[in-house]
Amino acid sequence: MATTGESDRTASGGAARRYRRDPLGFVERAAREHGPVFRLPDDGSLCVADPVEALRVLHNEEGHYDEVSDFFHVRGGRLGPRETQVAIGRAARATVRAHLAAHRERLPAVVAGLGEVSEWPSAGRAAVHRFLAGMLLRPDSSPALRELMARVVERDVLIRPGGRLARVARTALWVRVVRAVAGEVRARRIRARPGGTGDLLDAVLGSTPPDTPAAQVAQVYLLLFRTSVAPVGHVVAWALLAAATHGVDLADVPADSAVRESLRLWPVAWLLGRPVHRAHRIGGVRLEPGESVSVCVYLLHRDDRHWPQAARFRPGRWDGPGPRGAYLPFGGGPFTCAGAAVAQTLATGLLTAVTDGARLEVRGGHGRPHVAGIITPPPFQLRRTPIRP
């Protein structure tokens, strides 16, 4: 007969497996059963889906949480100090914004390069990478490195999909990429480039102390590379899939409204963790230093009390001043994604290029999303048939 302790461990282990298998389904069920504050089974983090409590956590006005960003946690430690993190974010945002302003007219040609029939969401990531390629790595970078980064996008290393053999192969490729980028960092430090427009790697290099290990610079660059490509492609993919599922004609909808609604249903930052610094209570639960809190933006965005017909894709809700709840698709507080506005602008431009002058037909996309940091749509096929004048 199993003891009480053994039964508790078995139940906890089963919950952890269910959470890893389907994180979104798990938090939806937990919120229905326990309310907007409950524990996550994998690490015991307190999950918060109440708007008031969530904003308390994210804005940290009472100093309960460490002022750190997990985004900059790389092998070898967290890249800091905070001033360096802010400088990297600003430089990266300025670099992406300048590229978008200078090359936005290329988006229709990039979409045309996908062909009449394309496989999504990989097609979305490929389109974003093709558009941003010169900004991600300037043309005079090592050709071998540029080819390697294209392979990273092509093989979906950016989203780390499941499957043991797939993980092993992609991990090996990722290790190779880190080494290659670190080599480029060392080379650029030796032959500094005078003036001119730099790329994303230059932005990171110029914002970090010169004694920062090349491998850490490489890892931060790759994190920015990932967040510049995959989320934008996925936002557009979700808009296309959700519009087809809910019978919305994107030709009749402002692209920025469709992007906002896509980000509401499938936020880029769906779960935001914060380490606890001082003892306090959240939703009646006492937290001690060393514990952690996770704000579930996915649940906040789907709360029917604050978002009418929350589960439906309704871009029209953004046309007027109607009732809306907390909206935090790129996080909130001091650690809101520095490139949020630029990413939203790029997603709007890409969706406009996909929908303009074409009849759209979506096939597939009926499976569950894949969650690995970001929420990836199930695969679907998009047919774009040009509308002849």
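The model shown is predicted, which means the values in this text are computed figures rather than measured ones.

Asks: Just to check I follow, could you spell out the pairing of strand β9 (residues 292-296) for this structure?
Replies: The side chains of a regular strand alternate between the sheet's two faces. With respect to burial, β9 is a largely interior element, 4 of its 5 residues being buried. Direction of pairing for strand β2 (residues 46-48) relative to β9: parallel, over a ladder of 3 bridges. What sits directly across from L46, in β9, is V293. In the sheet, strand β6 (residues 271-275) pairs with β9 via 5 bridges, with the strands oriented antiparallel. Among the inter-strand pairings, G273 is bridged to a residue of β9, identified as S294.

Asks: I would appreciate a short explanation of the environment of L107 in the present structure.
Replies: With respect to the helices and strands, L107 occurs in helix α5 (residues 107-112). Overall, L107 belongs to the buried group, its relative accessible area being 3%. In this structure the C-alpha to C-alpha distance between L107 and G349, which are 242 residues apart in sequence, comes to 7.2 Å. The contacts of L107, once residues within four sequence positions are left out, are F131, L346, G349, L350 and A353.

Asks: I'm lost on the pattern of salt bridges in this one. Help?
Replies: Pairing between side chains of opposite charge can happen when the charged atoms of each approach one another. Enumeration according to the criterion identifies 16 salt bridges in this entry. The shortest N-O distance in the salt bridge between R264 and E261 comes to 2.9 Å. In this pair, R264 and E261 are both assigned in helix α11 (residues 255-265), 3 residues apart and thus about one turn of the helix distant. Judged by relative accessible area, R264 falls into the buried class, the value being 0%.

Asks: Would you mind showing me how to read helix α7 (residues 143-154) here?
Replies: Given 3.6 residues per turn, any residue in an α-helix points the same way as the ones three and four places further on. Between its terminal C-alpha atoms α7 stretches 16 Å, which fits the 16 Å expected from 12 residues at 1.5 Å a residue. Along α7, the residues that are buried comprise L145, L148, M149, V152 and V153. Axial view of α7: buried residues confined to an arc of 145°, hence all on one face. Residues P143, A144, E147 and E154 are exposed on α7 and point more than 90 degrees away from its buried face.

Asks: What is the right way to look at the packing of aromatic side chains in this model?
Replies: In this description, an aromatic ring pair is defined by two values, namely the gap between the centres and the angle between the planes. Inspection of every chain in the model, using the stated rule, returns 8 aromatic pairs. Measuring from centroid to centroid gives 5.6 Å for Y19 and F26, while their planes differ by 80°, and the two rings are edge-to-face. An aromatic cluster is present here, built from W238, W266 and Y298 joined pairwise through their rings. Its guanidinium or amino end placed over the ring of W266, R302 lies 4.5 Å from that ring's centre, counting from NZ or CZ.

Asks: Help me understand the sheet that holds strand β13 (residues 380-386), please; the structure alone is not making it clear to me.
Replies: Spatial strand order, β5-β13-β10: 3 strands in an open sheet with antiparallel pairing. Strands at the two margins of the open sheet, each flanked by one partner only, are β5 (117-120) and β10 (358-364). Ignoring strand direction, the axes of neighbouring strands in this sheet form an average angle of 25°. The sheet contact formed by β10 and β13 spans 7 bridges and is antiparallel. In the strand pairing of β13, R359 is matched with T385.

Asks: Would you mind showing me how to read unusual backbone geometry here?
Replies: It is generally the case that most residues other than glycine have a negative phi and that most peptide bonds are trans. The amide bond that connects W120 to the next residue, P121, takes the cis arrangement and shows omega of 10°. With respect to the helices and strands, P121 occurs in the loop between β5 and α6 (122-136). Even without a glycine there, the phi angle at N60 is positive, about 50°. Turning to its location among the elements, N60 is positioned in the loop between α3 (51-59) and β3 (73-74). Its relative accessible area of 10% is what places N60 among the buried residues. Of note in the backbone geometry, Q309 takes a positive phi value of approximately 50° without being a glycine. Looking at where Q309 falls in the secondary structure, it is placed in the loop between α12 (297-300) and α13 (340-355). Q309 gets classed as partly exposed once you look at its relative accessible area, which sits at 46%.

Asks: It is not clear to me how the confidence of the model for the protein should be interpreted in this structure. Could you clarify?
Replies: A low pLDDT score tells you not to read the predicted coordinates there in detail. Across the protein, the average pLDDT comes to 88, with 89% of residues at 70 or higher. Note on residues 1-10: pLDDT is under 50 here. Beyond four places in sequence and across chains, it has 2 contacts.

Asks: Whenever I open this one, the sheet that holds β6 confuses me. Can you help?
Replies: Strand pairing in a sheet takes place through backbone hydrogen bonds and is either antiparallel or parallel in direction. Here we have 4 strands laid out as an open sheet, ordered β1-β2-β9-β6, and mixed in their pairing. Single-partner strands in this sheet number two, and they are β1 (37-39) and β6. When strand polarity is set aside, the average angle formed by the axes of neighbouring strands in this sheet is 25°. This element, helix α2 (residues 23-34), spans β1 and β9 of the sheet and lies at about 120° to β1.

Asks: How should a positive patch on the surface be read in this particular structure?
Replies: A contiguous patch of positive charge on the surface is contributed by R17, R18, R20, R21, R29 and R32. When contributions to the positive patch are tallied by element, the ones reaching two or more residues are α1 (4-21) and α2. It is α1 that provides the largest number of residues to the positive patch, a total of 4 residues. Position of R29 relative to the elements: it lies in helix α2.

The rules behind the values
Residues numbered from 1 in each chain as written. Predicted model: local features only at pLDDT ≥ 70, side-chain atom pairs only at ≥ 80, totals over all residues. Heavy atoms only, no water. Buried < 20%, exposed > 50% of the residue type's maximum accessible area, 1.4 Å probe, protein only. Helix = DSSP H or I, 4+ residues; strand = E, 2+ residues; numbered from the N terminus. Pairing = 2+ DSSP bridges. Contact = heavy atoms within 4.5 Å. Salt bridge = Lys/Arg side-chain N within 4 Å of Asp/Glu carboxyl O. Expected span 1.5 Å × (residues − 1). Arc of directions from axis to C-beta. Phe/Tyr/Trp six-rings, centres within 6.5 Å; stacked < 30°, edge-to-face > 60°. Lys NZ or Arg CZ within 6 Å of the ring centre and 35° of its normal. Axes fitted to C-alpha atoms, helices over the stretch in contact; angles between N-to-C directions. pLDDT = per-residue confidence, 0-100. Patch = residues over 30% accessible without salt bridge, like charges linked within 9 Å, V, L, I, M, F, W, Y side chains within 5 Å. Areas by Shrake-Rupley, 256 points an atom, 1.4 Å probe, with all protein chains shown as cover. Lys, Arg positive; Asp, Glu negative; His and termini not counted. Charge placed at Lys NZ, Arg CZ, Asp CG, Glu CD.

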